[in-house]
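Breakdown of the fold
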Amino acid sequence: MVFLICLLVSLLFACFFYAIDLWYFMLFPLTFFLFMLTHGTRKVFSKIEIDKIRYQHSLLFIWIVIMIGFSGLLFFIGISEISVYLCLLLLNLFLLMGSYVFAYADGKNIFEIWTYLVILVILGTSLFSEGLAIFWSVFSLFSYFWFGVLGFLVFIMGMLYPIEKKYGYQLFLMLGIVLVNVFINALSPLGIGILISLCLLSCYYVVTYLVKKRKMPQKESSFVSVRKILAGERIRKKHPIPKWKIQFHQWIVSAPLWFQRGLELPNLLLLVGVIGGYFYSMLTTTNAVMDLWYWMSLAIFLLNVYLLKKIQYVSNISRFALSLVVNFALYSALLKSWWNNIAEILPFLVMRTFVCQVALFYIDRLKSRFMFSKKDYLYWTIATCLASIVNVVLLFQIELPGQFLFSLVFFYCGIELMILYYVLQFLNAEDE
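**What about the overall build of the protein?**
- If you tally the helices and strands in the protein, you get 18 helices and zero strands.
- In the protein, once contacts between residues fewer than 6 apart in sequence are set aside, the share between residues at least 24 apart is 73%.
- On the protein, roughly 25700 Å² of surface is accessible, and the fraction owed to carbon and sulfur atoms is 71%.

Here it is as structure tokens:
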């Protein structure tokens, strides 16, 4: 079985090199395949035990030197930049799979790092050299490609060799990214694709919440007393919950921190797309449909943050984004509709900042209903301060006498600082 898998992977990589007119490099995977199958190679790699803390960075540095030299040779013989990057990617990916086949522990880390590094280089090159449209196309292709690679690692190689648990979490994340790409690329208005993607993330978060919320029964002891047997109790009870549900629950509950942040990241990136699309629409056209799309997208984003709080997957970035969205969504709507009449809406905005700061004194009542923590209130305080700065900037847009405007700004800032002082004192007292 090992022989067939190694031969299949080697032939696939050799065919790729031949297809991109690098037929002389197709000998490398076949040579590697023959080398790894020589007598005793698997035993040698499995018995190597070195101090990772002392030598891991040294091995990574050595592989960097090798990759720089190898890529330099490819550039020297006239191969294009993208072809060199693809060669490095496929080479490290091939060696990564070979590391699991032949139990080469050091290679699992080094080749995985370089695989992700080359992918980042390709994406960065496409973004800064070709523009955002080409970058999105390249990103979509790589998301499909990496989803297939992870699926091969988990479902094919995982049946034959011990594959690390992290690839299962990566596959779960890549499934969401692939679906987001499908919706954004398939639906012609970009805003509709983003809206559907936010709804998809909501489904992801709801499923995760329901899985974590459900209490799984404890494993009962196999020992049954004679009294229970005489009482007619069954020796073996049928488990009410299927085994795969129990395993999936344990898989979600024991999820690592990077998986939690990875599940949260698409929600933040889609928020950036929503805000960018809204500002672009403000500069180009005034369409009521865009306003409706904007508010619906923000509402689903807030729902997603609430679900992330429920499943305890929320980070400080989402907390800060939540405070900014709630505080400045109203600003964007009012300024878009009343930009020519700032003097009429500015008193309302000033009073709103006062109300937001005073509301922080009712932290005990809000904490239980909205699951707010001290970090949430600190971010809300920062967002309120930023809103006050915007109010000061808007004051200078109104035609007022200079002396009156100067005094009004000082008076307004003084009141804001006084309230802020007592808010911070109150928040610090909550911890004591």
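Moving on from the coordinates now.
**Regarding the packing of aromatic side chains**
- Overall, the coordinates contain 21 aromatic pairs when judged by the stated rule.
- Here F406 and F410 contribute two aromatic rings whose centre-to-centre distance is 4.7 Å and whose plane-to-plane angle is 40 degrees, an arrangement assigned as tilted. Of this pair, F406 and F410 both sit in helix α18 (residues 402-431), separated by four residues, roughly a single helical turn. Comparing F406 with F410, the two get one shared label, exposed.
- Taken together, the ring pairs connect Y169, F172, Y204, F248, W251, W258, F259 and Y313 into an aromatic cluster.

**Overview of the packing of helix α8 (residues 166-186) against helix α12 (residues 257-284)**
- With their axes 9 Å apart at the nearest point, α8 and α12 run at an angle of 10 degrees to one another. By the angle between their axes, α8 is roughly parallel relative to α12. Within the contact between the two elements, α8 uses K166, Y169, Q170, F172, L173, V180 and I184 and α12 uses W258, F259, G262, L263 and L270.
- Residue composition of the contact of α8 with α12, grouped by class: nine nonpolar, two polar and one charged.

**Observations concerning unusual backbone geometry**
- Even without being a glycine, A103 presents a positive backbone phi close to 55 degrees.
- Residue position: A103 is located in the loop between α5 (81-101) and α6 (105-130).

**Points about the pattern of salt bridges**
- Scanning the entire structure with this criterion turns up two salt bridges.
- Across the pair K166 and E112 runs a salt bridge, and its minimum N-O distance is 2.6 Å. With K166 in helix α8 and E112 in helix α6, this residue pair connects regions lying 54 residues apart in the sequence.
- Residue K166 is classed as partly exposed on the basis of its relative accessible area of 22%.
- Measuring nitrogen to oxygen at the nearest pair gives 3.3 Å for the salt bridge that ties K166 to E164.
- The class of E164 is partly exposed, set by a relative accessible area of 31%.

Conventions and cut-offs
Think of each chain on its own: its residues are numbered from 1, step by step along the sequence as written. Residue-level local features of this predicted model are given only where pLDDT is at least 70; pairs of side-chain atoms are given and counted only at 80 or more, and the full residue set underlies all totals for whole chains, interfaces and linings. The side-chain figures draw on all heavy atoms in the structure; neither hydrogens nor water molecules are used. Only DSSP runs of H or I with at least four residues qualify as helices, and only runs of E with at least two residues qualify as strands; both kinds are numbered from the N terminus onward. It only takes one pair of heavy atoms within 4.5 Å for two residues to be counted as in contact. Here the Shrake-Rupley method, with its probe set to 1.4 Å, supplies the accessible areas, and only the displayed protein chains count as covering residues. Working definition: rings of Phe, Tyr and Trp (its six-membered ring) pair if their centres are within 6.5 Å, and the pair is stacked with planes under 30 degrees apart, edge-to-face with planes over 60 apart, and tilted otherwise. For the exposure calls, accessible area comes from a 1.4 Å probe over protein chains only, and a residue counts as buried if that area is under 20% of its type's maximum, exposed if over 50%, partly exposed in between. Geometry is summarised by axes, namely lines fitted to C-alpha atoms with helices restricted to the contacting stretch, and by angles between N-to-C directions that run from 0 to 180 degrees. Roughly parallel refers to an angle under 35 degrees, roughly antiparallel to one over 145, roughly perpendicular to one between 65 and 115, and oblique to any angle outside these ranges. Each residue receives one of three labels: charged for Asp, Glu, Lys and Arg, nonpolar for Ala, Val, Leu, Ile, Met, Phe, Trp, Tyr, Cys and Pro, and polar for the others, Gly being one of them. Salt bridges, as used here, are contacts in which a Lys or Arg side-chain nitrogen is within 4 Å of a carboxyl oxygen on Asp or Glu.

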